[in-house]
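Report on the structure
In case you want the letters, here they are:
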Amino acid sequence: MNRDEEKLLCPDCLDIEIADRDVVEDKIERDRQLLRDENLIRLLEDYDKDHLLLYLIERLNIISYEFYENRRLNMREFAYINYLINIVYTADKNQFGNNQLDRGDDPDDIIDALLSTQAELVTALNHIEDRFRICLEYPVSMTDGKFLFGDYDLRDTEYRYCFERCLRSLIGGREEDVKLFDKTHEEIRDFEKPPSDEIDTLEDFGNTFYGFILSMLFVASADSTVGDIYGTSMPNNVSVFDLTEFLERIDSQFANQEGELILQDSTLAMTNEDGLAQTGENTFSDDWEEVREFVVVGEENLDAHPFLFEVSVTDVYYQQPGRPPKTRELIRFVYPRWYAQLLRFQIFPLLQNGDKNSGHEILNTVATWRGIEFEENLYGYLSGQGFECYHSAEIPGEDSSEIDLLVVNEDKDELWFVECKYLMPELLMNTAEGIEALNGKFDHKVFNIKVEGYEGSPTGLPFPEKVDLWLGLNPGNRFTALDGQGEKVEREFSGDWQGLAVRKLVVSNLVPSYVEKNSVEFRTDMELLEMIEEGDRVFAVKH
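Keep in mind it's a predicted model, so treat the numbers as computed, not measured.

1. Description of the overall build of the chain
When helices and strands are tallied, the chain shows 18 helices and 16 strands. Expressed as lengths along the three principal axes of its C-alpha atoms, the size of the chain is roughly 100 × 65 × 40 Å. Within the chain, buried positions represent 52% of all 543 residues. Residue pairs at least 24 apart in sequence account for 68% of intrachain contacts in the chain once pairs closer than 6 positions are excluded. Within the structure as shown, the chain displays about 26000 Å² of accessible surface, and the carbon and sulfur contribution to it stands at 43%.

Rendered as structure tokens:
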């Protein structure tokens, strides 16, 4: 990627020397040894272990509270703080000291450095291994860097560009993208769904919060490190409604005399074993002991989903003036309320829901519903922008000729053939495995390529061949399209269209790693809106 010129370039075409893969992999292994958990924990050895755990859990609650306040989620902390919690849990208490970190709006410098190590250095090594970045040799060899990053000219590839484009579409990406992200939701992703206070079924929940669930799915399964933390499911009979009831029962332990919840900011709450057991048994009955192992993270249970955290706290049970206090260690369960609320949405795709449809099945169903609305909304947006637009255009007597949107762009002298797709992201989207799975999904749906992991054979014509059928029409040939009321009406293929430049576009909420393939261009709906209203920012491919 050449970010300055906004191009995707082929290094072979430019005769650029790529570093030897075996040498690079040896350096990656060397650097991983420097970044091992036991080396990272040494940076924290001056601090009290129990205070460190509370500090990190509080950070999770702070960023989650801020999300509810301003709709911006600190993805670095959400993704990697649990990783730090896990390595603190597993370290021997004798390795730690008695100091305490400074609490504030931003993470302490040492925590910030450790987060950067995981989010930047380790992720960069993963990206080099997974071909998200390539190492180019400098004209003069550089081999004195502490890490391999100093030895090479690192360039992003189309895999990383794909991840960034999908991230921008699903979450909004950078601060400057928020306005466009919101407008895309208003114009194109305004789907029919139940209000949040009228949710009666799991399908209602999945439909109402679908966009947010997808955002959380994308972030929480970005790579294997994050996926290991957020990948624990629940016993098969647990649903999101059960988890909601469980959290509400915990909330009720922290209400004032008027019954009002006192946990209205990012303050952590703690409950004891009796309080936790009562809440669990009232919610899950005889299943509580099994469920407990899935919802409470502790030193001996790091694989649980992090709704609550088991910690040891020092209790002063006797204090006599002029003498040291008498203390005891007590087990408490820390409840980061705002963070736990977010986890309900993150875990939804993983839940099996007993004899009802699983969370993943529900989301696939919602995606199908929304695919229809997505197409209709895109038609409404383009028509509202003044484009001559035909919805669900078909050639009579030609099987598999339907074009989702046929658009005449008079200003650019272009004729657009648009295929609409509304899809769920793959797991591990920040890895080659995730990107290649997403590529396979597009290959299957657009080019009718049979891909491992997708049941059944592709049906109908590949999209480019559909377009060829249309380009074979003569002026005056008839076709049908849906009008604004959804009624099929006859239209006429205009002779004026034959002189227009043809563009084949797939518009979706996600994109594959290829910007263009077999003359088909891939855009998110957000990028299409941007192209129409502000100008095209998608990088061009140059050979």
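2. Some points on unusual backbone geometry
In this structure, Arg131 is a non-glycine residue whose phi angle is positive, near 65 degrees. Topologically, Arg131 is positioned in the loop between helix H5 (109-129) and strand S2 (133-136). Positive phi, normally seen in glycine, also occurs at Ser519, with a value near 70 degrees. If you trace the backbone, Ser519 turns up in the loop between strand S14 (516-517) and strand S15 (520-524).

3. Quick look at the nonpolar core
Counting 148 residues, the largest nonpolar core has Phe78, Phe307 and Trp470 as the members making the most contacts within it. Of all the elements, helix H4 (residues 75-90) adds the most residues to this core, at 10 residues. When sequence neighbours within four positions are dropped, the list of residues in contact with Phe78 reads Ile63, Leu73, Met216, Val219, Ala220, Tyr230, Tyr339, Leu342 and Leu343.

4. Let's talk about the packing of helix H1 (residues 21-34) against H5
The geometry of H1 relative to H5 is characterised by a closest axis approach of 11 Å and an angle of 155 degrees between their N-to-C directions. With respect to H5, the axis of H1 lies roughly antiparallel. As for how H1 packs across H5, the hand of that crossing is left-handed. Each of Arg21, Val24, Ile28, Asp31 and Arg32 in H1 lies in contact with H5, whose residues at this interface are Val122, Leu125, Asn126, Ile128 and Glu129.

5. A word on the pattern of salt bridges
According to the stated counting rule, one finds 36 salt bridges in the structure shown. With a shortest N-O distance of 2.8 Å, Asp50 and Lys93 are connected by a salt bridge. Within this pair, whereas Asp50 is found in helix H3 (residues 49-70), its partner Lys93 is found in the loop between H4 and H5, the two being separated by 43 residues in sequence. For Asp50, a relative accessible area of 12% puts it in the buried group. The closest approach of N and O atoms between Arg133 and Asp156, which form a salt bridge, is 3.2 Å. Taken together, the residues Arg133 in strand S2 and Asp156 in strand S3 (residues 153-156) connect sequence positions 23 residues apart. As far as burial versus exposure is concerned, Arg133 and Asp156 are alike and both buried.

6. Quick word on the side chain of Glu58
Tracing the backbone through its elements, the reader meets Glu58 in helix H3. Judged by relative accessible area, which is 11%, Glu58 ranks as buried. Excluding residues that lie within four positions of it along the chain, Glu58 makes contacts with Arg103, Ser266 and Leu268.

7. Quick word on the confidence of the model for the chain
Per-residue confidence for the chain gives a mean pLDDT of 90, with 96% of residues at or over 70. Here strand S1 (residues 7-9) stands out as the least confident element of the chain, with mean pLDDT 74; strand S13 (residues 501-508) is the most confident, with 98.

8. Quick look at a negative patch on the surface
Judged by side-chain charge, Glu17, Asp20, Asp22, Asp26, Glu29 and Glu137 come together as a negatively charged surface patch. Position of Glu29 among the secondary structure elements: in helix H1. Its relative accessible area of 43% is what places Glu29 among the partly exposed residues.

Reading the values: the criteria
- Residues numbered from 1 in each chain as written.
- Predicted model: local features only at pLDDT ≥ 70, side-chain atom pairs only at ≥ 80, totals over all residues.
- Heavy atoms only, no water.
- Helix = DSSP H or I, 4+ residues; strand = E, 2+ residues; numbered from the N terminus.
- Buried < 20%, exposed > 50% of the residue type's maximum accessible area, 1.4 Å probe, protein only.
- Contact = heavy atoms within 4.5 Å.
- Areas by Shrake-Rupley, 256 points an atom, 1.4 Å probe, with all protein chains shown as cover.
- Core = buried A, V, L, I, M, F, W, Y, C linked by side-chain atoms within 4.5 Å.
- Axes fitted to C-alpha atoms, helices over the stretch in contact; angles between N-to-C directions.
- Parallel < 35°, antiparallel > 145°, perpendicular 65-115°, else oblique.
- Left-handed = near helix turned anticlockwise from the far one by under 90°.
- Salt bridge = Lys/Arg side-chain N within 4 Å of Asp/Glu carboxyl O.
- pLDDT = per-residue confidence, 0-100.
- Patch = residues over 30% accessible without salt bridge, like charges linked within 9 Å, V, L, I, M, F, W, Y side chains within 5 Å.
- Lys, Arg positive; Asp, Glu negative; His and termini not counted.
- Charge placed at Lys NZ, Arg CZ, Asp CG, Glu CD.

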